[in-house]
Amino acid sequence: MNVLVINAGSSSLKYQLINLETKKILAKGICERVGTAEAFHKHGLDQNEVVIDAEMHDHDDAMALVLEALTSGPTKAIDSLDQIDAIGHRIVQGGWYFDSSVLIDDDVIAKIDELAELAPLHNKAALMGIHACKKHMPDKPMVAVFDTSFFQTLPPKAYMYPIPYELYEKHHIRKYGAHGTSHRYIAERAAVILGEPLDELKLITCHLGNGCSASAIDHGMAVDTSMGLTPLDGLMMGTRCGAIDPAIVPFIMEKEGLSPAEVNDLMNKKSGLLGISGISNDLRSVREASEHGDERAMLAYDMYSNSVKKYIGQYIAVMGGVDAIVLTAGVGENCEKMRRLIFAGLQPLGIILDEAKNRQRGFEREISSDKSRVKIIIIPTNEEYMIARDTYEIVHERSQIVPVSAASA
Ligand code: ADP
């Protein structure tokens, strides 16, 4: 069965065609700057990637180009659209409606639209992707996979904010989390690697990329996560501030004369590693500058690691212990120096990094010392595979969950 995975952004359309039986990616690509004169389409697997300048007024045009690239010319991966069995869509906000992935029908579309209030850019973009697919492939079953659904198991004490209760009732202000598909994937894979059932493990999963989040997963259920009503909360990130004293917001607005939209922009796009270092949101550039003695870059580096360390501590307390800490995404997978800082000083908690293993490169791997009571594991995330697998299971009405095997990248 071939599943087309669609991740639609406000001006982009990312896709992968995955064969579920072989777990192989047949094709992938992205249409960027959709709706602008600079639109282009990147298509193909790593070595054979081609970049095509193309006119794309909207997501409908982008989808037409994607389907053409998949089925014809030198980029062809399948003979015809008949070889696409189903489509899986990544949806950022599933709110209180969706605690799992679902088959898309008119009611689901209406709910995704209603929830756009909580994630305006993301959910509207996802709807454009859904409508474009409906237009070009009206008969294909489509499944919605939500970033938030994994966190619907959080207890009220974790998802409620201590502000007047009426605001929750009136505006649904609560924690929804984000990156759920990634946390779910690495938690399942960690259980396979540890050789123990997921429902017998206490895990802390850390997605450390440009966006960063940490989750506490107790016996297979998410019990807390660092992102909140929006993906701005929690850990310090590339350009996002994460958790700060909320009083800072009205204070800056008053002092700097900023509107709500401007202060929102400041916290989302000008803060985090970029805001502190003044150099970049990219950890590699910050690390380089810090190694050349740039004090603000050093500070940004220290703050980032401290932020992760604090969430690890919190979640150990929340779960009353931890069996394994799982790291993923650009920083988690690749930055040995950041990992060293994050785990420095945690020996009293039974968390000991093996310096040699930490330096090794590779795919999925354990980097804790043999003496460490708590395992530290690196697992490259694979959200697209999870979306394809959910789509496959729902379309086939399979109730039995197939354990995630290492998907080929
Ligand atoms: P996104 O959230 O955009 O998907 P990624 O998971 O690609 O982000 O992670 C991007 C981050 O990973 C950047 O800060 C980048 O600097 C960092 N990163 C990638 N490779 C390395 C590396 N080898 N060393 C340090 N940081 C790295």
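For clarity, every value in this text was computed on a predicted model and none was experimentally measured.

**Student:** For the sheet that holds strand β13 (residues 365-366), give the residues involved together with the corresponding values.
**Tutor:** Strand order in the open sheet made by the six strands is β11-β10-β9-β12-β14-β13, with mixed pairing throughout. Two strands close off the open sheet at either side, each with one partner strand: β11 (221-225) and β13. With five bridges connecting them, strand β9 (residues 202-208) and strand β12 (residues 324-328) associate as parallel partners. Each residue of the ladder has a partner; that of L203, found in β12, is A324. Sheet strands touched by helix α13 (residues 336-343): β9, β12, β13 and β14 (375-378). Its angle to β12, the strand with the most contacts, is close to 150 degrees.

**Student:** Can you break down the site of the ligand residue by residue, with the values?
**Tutor:** Among the 13 residues in the neighbourhood of the ligand, the closest are listed as N210, D282, L283, R284 and G330. Contact distances for the ligand include 3.0 Å between an oxygen atom and a backbone N or O atom of N210. Here G330 contributes a backbone N or O atom positioned 2.8 Å from an oxygen atom of the ligand. When the free accessible area of the ligand is taken as 570 Å², the share hidden by the protein chains comes to 70%. Counting residues per element, the ones that place at least two in the shell around the ligand are α10 (283-291) and α12 (329-334). Considering each element in turn, the shell around the ligand owes the most residues, four residues, to α12. Per-class residue counts for the shell around the ligand are four nonpolar, six polar and three charged.

**Student:** Just give me the short version of the packing of helix α6 (residues 180-194) against helix α15 (residues 383-395), but keep the residues and values in it.
**Tutor:** The description of two helices packed together rests on the angle between their axes and the distance between the axes. Close contact between α6 and α15 brings their axes to 9 Å; oriented N to C, the two are set at 90 degrees. Regarding the angle of α6 to α15, the classification is roughly perpendicular. Across the interface between the two elements, T181, S182, R184, Y185 and E188 from α6 touch E383, Y385, M386, I387, R389 and D390 from α15. The residue makeup of the contact of α6 with α15, split by class, is four nonpolar, two polar and five charged.

**Student:** Tell me about α6, residues and numbers included.
**Tutor:** Compared with an ideal rise of 1.5 Å per residue, which puts 15 residues at 21 Å, α6 spans 21 Å between its outermost C-alpha atoms and is within 8% of the ideal. Within α6, 13 of the 15 residues are buried, which leaves it mostly tucked inside the rest of the structure. A positive phi of about 70 degrees marks G195, the residue just after α6.

**Student:** Could you give an account of the pairing of strand β3 (residues 24-32), naming the residues involved and the relevant values?
**Tutor:** Looking at chain direction, strand β2 (residues 13-19) and β3 are connected through seven bridges and run antiparallel. Bridge pairing in β3 places I18 opposite I25. The hairpin formed by β2 and β3 contains four residues between the paired strands, and K23 there has a positive phi angle of roughly 60 degrees.

**Student:** Tell me about the sheet that holds strand β5 (residues 50-53), and please be specific about residues and values.
**Tutor:** Taken together, eight strands build an open sheet; the order of strands is β5-β4-β3-β2-β1-β6-β8-β7 and the sheet is mixed. Both outer strands of the open sheet, β5 and β7 (102-103), are each paired with one neighbouring strand and no more. Across four bridges, the pairing between strand β4 (residues 40-43) and β5 is antiparallel. Bridging across to β5, H43 finds its partner in V50. Of the strands in this sheet, β6 (86-91), β7 and β8 (142-146) touch helix α2 (residues 106-114), which is tilted by about 30 degrees from β8.

**Student:** Go over the pairing of β11 with me, naming the residues and quoting the values.
**Tutor:** When you tally the buried positions in β11, you get four out of five residues, the bulk of the element. With four bridges joining them, strand β10 (residues 212-218) and β11 adopt antiparallel strand pairing. From the neighbouring strand, D218 faces β11, where its bridge partner is M221. Linking β10 to β11, which pair antiparallel, is a turn of two residues; within it H219 sits at a positive phi near 50 degrees.

**Student:** Can you lay out the environment of D233 for me, pointing to particular residues and giving the numbers?
**Tutor:** Along the polypeptide, D233 turns up in the loop between β11 and α7 (248-256). The class for D233 is partly exposed, based on a relative accessible area of 23%. As a C-alpha pair, D233 and A178 span 55 residues in sequence and 10.0 Å in three-dimensional space. Setting aside anything within four residues of it in sequence, one finds D233 in contact with Y161, S226, M227, G228, G242 and A243.

Thresholds applied
- Residues numbered from 1 in each chain as written.
- Predicted model: local features only at pLDDT ≥ 70, side-chain atom pairs only at ≥ 80, totals over all residues.
- Heavy atoms only, no water.
- Pairing = 2+ DSSP bridges.
- Helix = DSSP H or I, 4+ residues; strand = E, 2+ residues; numbered from the N terminus.
- Contact = heavy atoms within 4.5 Å.
- Axes fitted to C-alpha atoms, helices over the stretch in contact; angles between N-to-C directions.
- Near = heavy atom within 4 Å.
- Polar contact = N/O pair within 3.5 Å; in protein donor to acceptor, adjacent residues only side chain to side chain.
- Areas by Shrake-Rupley, 256 points an atom, 1.4 Å probe, with all protein chains shown as cover.
- Nonpolar A, V, L, I, M, F, W, Y, C, P; charged D, E, K, R; others polar.
- Parallel < 35°, antiparallel > 145°, perpendicular 65-115°, else oblique.
- Expected span 1.5 Å × (residues − 1).
- Buried < 20%, exposed > 50% of the residue type's maximum accessible area, 1.4 Å probe, protein only.

Note that every value here comes from positions in space, so none of it alone points to a role or purpose.
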